[in-house]
Amino acid sequence: MRSITAFIIFCLLPLFLFADTALESFVKKDYKAAENTLISELVKKGGDDPLLLYNLGVTCEKQNEKGLAAYYYLQSIQAAPGFTEARNNLDIILKEEGLKVPKILMEEGDGPLYTVILFFVFLYIFVAALIVYMFRPGWKLRVSLLPAFMLMLLFTVLFFIKYRDFRAESYAVTIVSRELKSGPDEALSTVGKIKAGEILEIKNISGDWVKAKSFQDNIEGWANSSDLRFVARKFN
Amino acid sequence: MRLTLSILLFLVFFSFNIFATDIRLRADRNNLSVGDELTLTLSITEDSSDEIREITEPDFKNFDVANRGESSSSSFNMINGAVSYKKEKTITYVLRPLKEGSFNIGPAVIEMKSGKKTKSNTLNFLIVGGGSQPQNNAGQNNSGDNSGTEQDDKTNTSGADSLFAPLSAWEKKTDKYFIRVIVNPQENVYRGEPVTVVYYLFIKKNSITDLNFYKLPSFENVWSEELETPKKLNFQMANIDGSVYDYALLRKYLLIPDDKSPRITGTQMILDVMTGSFFNTYKKSLSSIAINTEVKDLPDAAQHKDAKYGSFTIEQDKKAITLAGGKLLDTVSYTISGCGNFQGTALNMPEVSGIKIFSPDIKQYAAVKNDKYCGSKTFKFMVKGVRRGDFEIPALSLEFFDREKGYYTLHTQPVKIKADDVSAQGENTEEKRSVRYEFLKEMPAGLAVYELTPLLDRPIFITALSIPLAALIISFAIWFFMNALRGRSKKASYISKGWEAKLKKAKDLTELLNFFYDALAEVHGIQLRGTRAKDIDETFGHNITPATGLIRELEEAIYSAGANAQLEALRKKTVDVFRNIRGLK
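As the structure is a computational prediction, the values presented were derived from the model and not from experiment.

1. Section: the overall build of chain A
If you tally the helices and strands in chain A, you get 8 helices and 7 strands. Residues classed as buried in chain A amount to 46% of the 236 residues present. In chain A, the proportion of contacts linking residues at least 24 apart, taken out of those at least 6 apart, comes to 55%. Taken as a whole, chain A presents about 12200 Å² of accessible surface, with 64% of it coming from carbon and sulfur.

Laid out in C-alpha cells, this is it:
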C-alpha cells in the first residue's frame, strides 16, 4: 500500500514542481489555467494587486468573458488609477458594448487622507494632554483640554461622515446578462435587463439579492449577487 | 367492564383510522390525439395519525404540462357516534401529448413522516397523430384557454369594453371567481409597440374568504415594467351575463416587445383562494390565461431597418458650442417627447474628428396614460475639444412608425463647435487608441498603488487607534494606583499626627504614658501594655529599646515627687520617640 502511494505521489510531483506560471499558460493559450494561476496568486496577495487584476482582465477577454474582464480592469484601476493599459482596455470594452461607467470609479487618486490625518493628530494631542493633566494638574492644561477635545470631536465626526458616504456609494459589475426583478425573488416579474459588463449602483442588500440601479438606463431592480462582482474602492 | 372499555377505545381509535392514506391517479380520457388536452387528477387522502412528508409527482415525459392546480380540503364528520376526520389533497394537471405512441404516467409516491411509502396506480394513454389544432393560435391572446374556440376571441374586444365582456370558456370553469386578463392592443402588435396587460379578479359575493399570490406572471421576449401594484384590492361592481360580480385590479404591466422574437409570451398568474366555511375550508388554485401574442414587424421593415414605433418630437437645447476662456467641456441635450417605444429609442452620435463626444447621460420620464406610454427621454452628451478648430456635430435622423402617421423621420439641427481651448492631453492624443494591451509581466514604473482593504479593517489604522487608547488606560491605571497608595499613607500620617497632638496636650504623666501605649498600638501595631520586658525583647528586638526606656522613665517620674515639673520635657521626649519608631521622622 505504501509503495503504491509513494508511486502515485512520485508521478504527480512534476505537476507541482513544474506547474506553468500564468504567463506561460497564457502564451500557450491555456487561458483557463492562466486565470486559475492568477486567481490563486491574487488571493495570496489579498486582492489588491493591480497587475494581477489587469492580467486577469486580459485573460478573461481572451475567453470572451467581457463582463468579468470589465470587472477586473475596473478593479485594477481602483488600485492603480494611473494604470493606462487597464483604462485603455476597459474603454475598448465599454465602447464595444455601449456601456457607461460612473466618473467616481475612474477618478485619479488625490493624495493623503486629510480628514484621517487630522483626526489622528487631534486624537493624540487630546490624549497626551489628558495624560499629563492626570499627573500634573494645572489650570493651563485644564483650559487646553476643551479645545483639544472639541477639535478631536469635530474631525472624528467629519471622518465618519465621509466614511459613511463612501461606504454608501457602492458599485458592482454584472458578469452575466440577466433580468432585473421587481423584488428579491426569481419568480417575480421582470423590470429590466442588464447585460454583462454593465455597472450597477448598489442601493440595498437582502440575503443573496441586491437592489441596484443600472447606469445604462436608470432602471432599478433586484439581481442575484452571484451574477455580480462588487467593486472595492479606495477611500479618498 | 375492562373488556367493554377496551373495545370502546379500540373502536374510537379505529374510527380515526377509518381513512388510511390513499393515493390515486385518474384521467378524463385515455385515448387522444397529439395537440389534444387531458385532465389528470392526483388525489391523496391523508390518514389523521400520520402526516405526509414528501409527494413525488409522476413523471410527465412525452407530455407538456399546460396547467397545474392544487386544492385541499379537510372535514370532520360524526357518523353514528364515531368521529371521522378526512384530509384530501387534489392536484389537477392539464396535459398535452407531444407525440404519438403509448405512454404510461405514474406512479406518484407519497412518503409519510413515519417512513411509510405509498404508490399510486399507473395510467396508460394511447396517443394518435394529427388531431385538432393547437389551442395557442397566432394572433389569439387567450392561448391558455382550454376550449380555445373562435367565439371566445371575438368576444374579447380591445379597450374598456373587454373588461365586461361575457365569460370565456376558461373563465366559466370557475364562474364564481376568475382572473380576467386585458391586453391592449390585443392583436396586430407591432415590434416595439407598448402593450399593457392588466389582471383583474372577478368574484361573486361571499365566494372566497381569503386569497394570496402564489405566482406572478413573468414575460419573455419583452422589456417589462410593473405599473400598478395595489396594496389593497378596491372592489367595484359589474354585471356580466346577468350576474353581479365584484372586481378589482390585481396587477398592471407595460410590455415592449424586443427586436427579435415573433411573439410575446407570459406565464399565468396563479392565486391561492380559500373558499367554504370555517369547518369546511377548501384551498384552490386560481390561474389566469397565459399570454401569447403575436408580434409583427413594422410594415416594409426591410426598407426601414432602424425605425422604432412611436409618435415623437425631438428638441435640442443648443445649436452652437464655444469652448474658450478656460471652458474645456460643454454639453448638448436632445429631448425626445411623445408616446411609444422609449426603451428602444437611442441616439447614436457619430465620431467627429477633433472633438470627443462622451456617452450620454440618459434621463427618461414616462408613464402610461389612456393606455399609451408617454413621456420624454433626454440624451445629454458631454463634448470636449481634442484639438483647436471649428467642428460640427451633424444633424441626426431618427425614423419612427406610427399607426396614424405611418413612417416619418425626425431631424435634429447640426451643432457647430468652436474649440479654442483644449486640454493638453487632448492635443496629444487625438486618435483614441483602439488596440488592446496584452499580458504584462510587470507594472509600469512610477504608478501610485492604493490599498483597497476598507480603512477600518487595516492593521495600521487599528494600531494607530489602539495606541492612544492603550496609553490612556495604562496612565489611568497608574494614576489610580498612585492615588490609592498616597491615600493610604496620608491616612497613616494623619492618625500619627493626631496622636502627636494628643501627646503634646497630655495633662499629666499618667495620661502621657497611657497615650503613648495607645499610640504605639494603633499606629505601629506595637502592644507594650501588660507585656513583660523579656517578651518585649524577644518580640520586637532592640529597635524598641527607646520606647521601653521612655516607658520606664515615665513610670519612675509618675511615682517620684514633683512629677508634673518634668511634664513638658517628657512630652517632648515622648513625641520624639514616637516619631522615631519605624522611621517615621
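2. Remarks on the state of the cysteines
A covalent bond between the sulfur atoms of two cysteines is what we call a disulfide. Residue and element names in this part refer to chain B. Following the criterion strictly, the structure yields 1 disulfide over all chains and no others. Two residues, Cys-339 and Cys-374, share a disulfide whose sulfurs are 1.8 Å apart. Handedness here is read from the sign of the S-S torsion; for Cys-339 and Cys-374, about 100°, the answer is right-handed. A residue pair is termed long-range when its members are at least 10 positions apart, and Cys-339 in strand E25 (residues 329–340) and Cys-374 in strand E28 (residues 372–385) qualify at 35 residues.

3. Points about the packing of helix H6 (residues 509–524) of chain B against helix H9 (residues 567–580) of chain B
In a pair of packed helices, the angle between the axes and the distance between the axes together describe the arrangement. Residue and element names in this part refer to chain B. Orientation of H6 relative to H9, taken along the N-to-C sense of each, is 10°, at an axis distance of 11 Å. Taken together, the axes of H6 and H9 lie roughly parallel to each other. Between H6 and H9, the residues in contact are Leu-509, Leu-512, Phe-516, Ala-519, Leu-520, Val-523 and His-524 and Leu-567, Leu-570, Arg-571, Thr-574, Val-577 and Phe-578, respectively. Looking at side-chain class alone, the contact of H6 with H9 contains 10 nonpolar, 2 polar and 1 charged residues.

4. Points about helix H6 (residues 84–97) of chain A
For an α-helix, 3.6 residues make a turn, and residues three or four places apart therefore share a direction. Residues and elements named next belong to chain A. Counted at 1.5 Å a residue, the expected span for H6 with its 14 residues is 20 Å, and the 20 Å between its end C-alpha atoms agrees. Those residues of H6 that fall on the buried side of the exposure criterion are Glu-85, Ala-86, Arg-87, Asn-88, Asn-89, Leu-90, Ile-92, Ile-93 and Leu-94. Next to the buried residues of H6 lie helix H4 (50–62) and helix H5 (66–79). Following H6 by one or two positions, Gly-98 has its phi on the positive side, about 65°.

5. Topic: the sheet that holds strand E4 (residues 52–56) of chain B
Residue and element names in this part refer to chain B. The sheet built from 3 strands is open, its strands ordered E4-E8-E9 with antiparallel pairing. Here the strands that pair on one side only, and so sit at the sheet edges, are E4 and strand E9 (117–119). Taken over all neighbouring pairs, the strand axes of this sheet differ in orientation by 15° on average, direction set aside. Pairing between strand E8 (residues 109–112) and E9: 3 bridges, direction antiparallel. Within E9, the residue paired with Val-109 across the bridge is Lys-119.

6. Side note on the sheet that holds strand E10 (residues 123–128) of chain B
Residues and elements named next belong to chain B. Spatial ordering of the open sheet is given by E2-E10-E7, a layout of 3 strands whose pairing is mixed. In this open sheet, the two edge strands, each paired with only one partner strand, are strand E2 (31–33) and strand E7 (101–105). Direction aside, the axes of adjacent strands within the sheet are offset by 30° on average. Sheet topology places E7 next to E10; 5 bridges connect them, and they run antiparallel. By the bridge assignment, Ile-105 is partnered in E10 with Leu-123.

7. Re the environment of Glu-57 of chain B
All names here are of chain B. As for its placement among the helices and strands, Glu-57 is situated in the loop between E4 and strand E5 (63–79). A relative accessible area of 31% places Glu-57 in the partly exposed class. In sequence terms Glu-57 and Ile-110 are 53 residues apart; their C-alpha atoms lie 8.5 Å from each other. Among residues more than four places away in sequence, those in contact with Glu-57 are Arg-68, Ile-91 and Tyr-93. Of note is the side chain of Glu-57, whose polar atom sits 2.7 Å from the side chain of Arg-68. Reaching out from Glu-57, the side chain makes a polar contact with the side chain of Tyr-93 at a distance of 2.5 Å.

8. Observations regarding the packing of aromatic side chains
All names here are of chain B. Under the counting rule described, the total for this entry stands at 38 aromatic pairs over all chains. Ring centres of Phe-60 and Tyr-93 lie 4.7 Å apart, and the angle between their planes is 55°; on these two criteria the pair is classed as tilted. Taken together, the residues span a long stretch of sequence, with Phe-60 in the loop between E4 and E5 and Tyr-93 in strand E6 (residues 82–97) at a distance of 33 residues. Taken as a pair, Phe-60 and Tyr-93 share a single burial class, namely buried. Taking the ring centre of Phe-358 as reference, the NZ or CZ of Lys-356 above it sits at 4.8 Å. The ring centre of Tyr-408 lies 4.4 Å from the NZ or CZ of Lys-405, which sits over that ring.

9. Some remarks on the interface of chain A and chain B
Each side of the interface is counted separately: chain A has 67 residues, and chain B has 52 residues. Buried area between chain A and chain B, summed over both chains or domains, comes out near 4700 Å², and the portion from carbon and sulfur atoms is 63%. On the chain A side of the contact with chain B, Asp-48, Met-134 and Phe-135 of chain A bury the most area, a combined 11% of that side's loss. Seen at the junction of chain A and chain B, the total is 2 salt bridges. Applying the counting rule to chain A against chain B returns 8 residue pairs in polar contact (both at pLDDT 80 or more). At the level of elements, helix H2 (22–27), H4, H5, H6, helix H7 (114–135), helix H8 (139–168) and strand E3 (190–194) of chain A are the ones that each hand at least two residues to the side of chain A that touches chain B. Among the elements that take part in the side of chain A that touches chain B, H7 of chain A stands out by supplying 10 residues, more than any other. The residue inventory of the side of chain A that touches chain B, partitioned by class, reads 35 nonpolar, 16 polar and 16 charged.

10. As for the confidence of the model for chain B
All names here are of chain B. Of all residues in chain B, 83% attain a pLDDT of 70 or more, and the chain-wide mean is 79. Per-element confidence in chain B ranges from a low mean pLDDT of 32 for helix H2 (residues 150–155) to a high of 93 for strand E23 (residues 308–316). For residues 12–19, every residue scores under 50 in pLDDT, and the model assigns this stretch 15 contacts once sequence neighbours within four places are set aside. Counting interchain partners and residues more than four positions distant, the pLDDT-below-50 stretch residues 426–432 has 11 contacts.

11. Some words on the nonpolar core
Soluble globular proteins: nonpolar side chains tend toward being buried together. Judged by nonpolar contacts, the single largest core of 44 residues is most densely connected at Val-332, Tyr-334, Ile-355, Phe-381, Ile-393 and Ile-417 of chain B. In terms of residues, this core owes the most to one element, E28 of chain B, which gives 4 residues. Judged by nonpolar contacts, the second largest core, of 37 residues, contains Leu-42, Ile-77, Phe-83 and Met-106 of chain A.

12. Examining a nonpolar patch on the surface
All names here are of chain A. A cluster of nonpolar residues, Leu-146, Phe-149, Met-150, Leu-153, Val-157 and Ile-161, forms a patch on the protein surface that exposes about 510 Å² of accessible area. Structurally, Leu-153 is set in helix H8. Owing to a relative accessible area of 38%, Leu-153 belongs among the partly exposed residues under this scheme.

13. Concerning the pattern of salt bridges
Residues and elements named next belong to chain B. Using the criterion set out here, one finds 30 salt bridges over all chains in the structure. For Arg-68, the salt bridge identified is with Glu-70, shortest N-O distance 2.9 Å. Residues Glu-568 and Arg-571 are paired through a salt bridge, measuring 2.9 Å at the closest nitrogen-oxygen approach. On the criterion of helical spacing, the pair formed by Glu-568 and Arg-571 is a turn pair, its members being 3 residues apart in helix H9. The class of Glu-568 is exposed, set by a relative accessible area of 53%. If you follow the salt bridges from partner to partner, you end up with Glu-57, Arg-68, Glu-70 and Lys-89 in one network.

14. Observations concerning the packing of H5 of chain A against H6 of chain A
Residue and element names in this part refer to chain A. One can describe the packing of H5 onto H6 by two numbers: an axis separation of 9 Å at closest approach and a directional angle of 145°. Crossing hand, H5 versus H6: left-handed. Contacts from Lys-66, Ala-69, Ala-70, Tyr-73, Leu-74, Ser-76 and Ile-77 of H5 reach H6 at Ala-86, Arg-87, Asn-89, Leu-90, Ile-93, Glu-96 and Glu-97. Taken together, the residues of the contact of H5 with H6 sort by class into 8 nonpolar, 2 polar and 4 charged.

About the thresholds
- Residues numbered from 1 in each chain as written.
- Chains lettered and ligands numbered in written order.
- Predicted model: local features only at pLDDT ≥ 70, side-chain atom pairs only at ≥ 80, totals over all residues.
- Heavy atoms only, no water.
- Helix = DSSP H or I, 4+ residues; strand = E, 2+ residues; numbered from the N terminus.
- Buried < 20%, exposed > 50% of the residue type's maximum accessible area, 1.4 Å probe, protein only.
- Contact = heavy atoms within 4.5 Å.
- Areas by Shrake-Rupley, 256 points an atom, 1.4 Å probe, with all protein chains shown as cover.
- Disulfide = S-S within 2.5 Å.
- Axes fitted to C-alpha atoms, helices over the stretch in contact; angles between N-to-C directions.
- Parallel < 35°, antiparallel > 145°, perpendicular 65-115°, else oblique.
- Nonpolar A, V, L, I, M, F, W, Y, C, P; charged D, E, K, R; others polar.
- Expected span 1.5 Å × (residues − 1).
- Pairing = 2+ DSSP bridges.
- Polar contact = N/O pair within 3.5 Å; in protein donor to acceptor, adjacent residues only side chain to side chain.
- Phe/Tyr/Trp six-rings, centres within 6.5 Å; stacked < 30°, edge-to-face > 60°.
- Lys NZ or Arg CZ within 6 Å of the ring centre and 35° of its normal.
- Buried area = accessible area lost by both parts, 1.4 Å probe.
- Salt bridge = Lys/Arg side-chain N within 4 Å of Asp/Glu carboxyl O.
- pLDDT = per-residue confidence, 0-100.
- Core = buried A, V, L, I, M, F, W, Y, C linked by side-chain atoms within 4.5 Å.
- Patch = residues over 30% accessible without salt bridge, like charges linked within 9 Å, V, L, I, M, F, W, Y side chains within 5 Å.
- Left-handed = near helix turned anticlockwise from the far one by under 90°.

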